[in-house]
Amino acid sequence: MKRYTAGFLLCVTAFILSFSCVSAEQGTVVTLRENDWTWQGSSTAGFDGTVTFETQPADKILMKLSFSASPEATEQGEVLFYEINENKLTIRKQKPEYTYTFGDEKTISFTGNWKTPESVYFTRVNIKLQVFSEDGNTLYGEGNLSVSRDASEISNPDDGKFRLNLDLSSWTIWIFAGAAAVWLAAILRVIVNRKKG
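Residues numbered from 1 in each chain as written. Predicted model: local features only at pLDDT ≥ 70, side-chain atom pairs only at ≥ 80, totals over all residues. Heavy atoms only, no water.

A.B. asks: What is the right way to read the sheet that holds strand β9 (residues 139-148) from this model?
C.D. replies: The pairing of strands in a sheet comes from backbone hydrogen bonds and takes either a parallel or an antiparallel form. What the four strands build is an open sheet, ordered β6-β3-β8-β9; its pairing is antiparallel. The outermost strands of the open sheet, each flanked by one partner alone, are β6 (97-101) and β9. Strand after strand, the sheet turns through a mean of 20° between neighbouring axes, direction not considered. Pairing of strand β3 (residues 60-70) with β6, which is carried by five bridges, proceeds in the antiparallel orientation. Across the sheet, residue Met63 finds its bridge partner in β6, namely Tyr98. (Pairing = 2+ DSSP bridges. Helix = DSSP H or I, 4+ residues; strand = E, 2+ residues; numbered from the N terminus. Axes fitted to C-alpha atoms, helices over the stretch in contact; angles between N-to-C directions.)

And the structure:
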């Protein structure tokens, strides 16, 4: 009985190892790295990376970018593909999703942009790239890029990375000017009354 049990365990182990080898042969490696990064509002933070297949899974794949930030905000900006294999995409094709058609290559290079919102107060952002089958039902692989600020970047008010946007419209300036005039008149009146006294 023990011999049958040992034989069964050996068969199961061999099956798992063979399955793992098949999975590794069809593995997908996704890399992401920051490139020309900025924390400035209403700007563009760049990143790039590669998708490498050991075995080409299909004629077409679907690549999807997603974005998250900490702390969360209603306006986080937009993340999109900018170049694929050093070919700049048209504005119409610069989106978070891209359907890629294979040639003979097994590695896809890309660049992307994070279109930052007007006010960037995030301490950390995360960009994820997922690679699917064309129909989106099979996930081949994914990669993450996490970029954090250090304390000096957050506290420095002159680097454009952490700031308070003030809307100094014309009516606001007039209100401040009027208030200043009232205070000045009050101070002059006190001075004049003291001299008379």
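A.B. asks: It is not clear to me how the sheet that holds strand β5 (residues 87-88) should be interpreted in this structure. Could you clarify?
C.D. replies: If you trace the five strands from one edge of the open sheet to the other, you get β1-β2-β7-β4-β5, paired in antiparallel fashion. Every interior strand has two partners, whereas the edge strands, β1 (28-34) and β5, have only one. The sheet contact formed by strand β2 (residues 44-53) and strand β7 (residues 107-115) spans nine bridges and is antiparallel. Each bridged residue has a counterpart across the sheet, and for Val51 the counterpart in β7 is Ile108.

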